[in-house]
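# Overview (structure and organization)
Chain by chain, the residues run as shown.
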Amino acid sequence: MARWSPVGNKFAITSSAKSVCICYHEGENNWWVSKLIKRKHDSTVLSVSWHPSNVLIVTTCSDFKCRVFTTQVLWQEHSTAALLITQK
């Protein structure tokens, strides 16, 4: 499953491999970057939803748990981007 963020500058992709990727466009190199949320889920990720703030996502899994992550893109010097992903 894939879901665009409310602003439309990022999207999240879930998988049966117990993972979620956050993708965003890097304008400097004109390509899409994908960052894996390193904190693995314990089971298949069934859905993902974005908070209206465009920073938080919530995932649901087949283990009947939901998890909340931040997906803030940090812009550093020289326009390089790093994706900060933490679990709440």
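Here, the structure is the one placed above.
### Remarks on the nonpolar core
Core analysis: the biggest nonpolar cluster contains ten residues, these being Ala12, Val20, Ile22, Ile37, Val45, Val48, Trp50, Ile57, Cys61 and Phe69. Contributing elements (two or more residues each) for this core: strand E3 (20-26), strand E5 (45-50) and strand E6 (56-61). Here the element with the most residues in this core is E5; it accounts for three residues. Apart from residues lying up to four places away in sequence, Val48 is in contact with Met1, Arg3, Ala12, Thr14, Ile57, Val58 and Thr59.

### Thoughts on the pairing of E6
Only one face of E6 is buried, namely the one carrying Ile57, Thr59 and Cys61, since none of Leu56, Val58 and Thr60 on the opposite face is buried. When E5 meets E6, the two strands line up antiparallel, connected through five bridges. The residue bridging Ser47 from the neighbouring strand is Thr60, located in E6. In this structure, the hairpin formed by E5 and E6 is closed by a connection of five residues, where Asn54 is found at a positive phi of approximately 75°.

Conventions and cut-offs
Residues numbered from 1 in each chain as written. Predicted model: local features only at pLDDT ≥ 70, side-chain atom pairs only at ≥ 80, totals over all residues. Heavy atoms only, no water. Core = buried A, V, L, I, M, F, W, Y, C linked by side-chain atoms within 4.5 Å. Buried < 20%, exposed > 50% of the residue type's maximum accessible area, 1.4 Å probe, protein only. Helix = DSSP H or I, 4+ residues; strand = E, 2+ residues; numbered from the N terminus. Contact = heavy atoms within 4.5 Å. Pairing = 2+ DSSP bridges.

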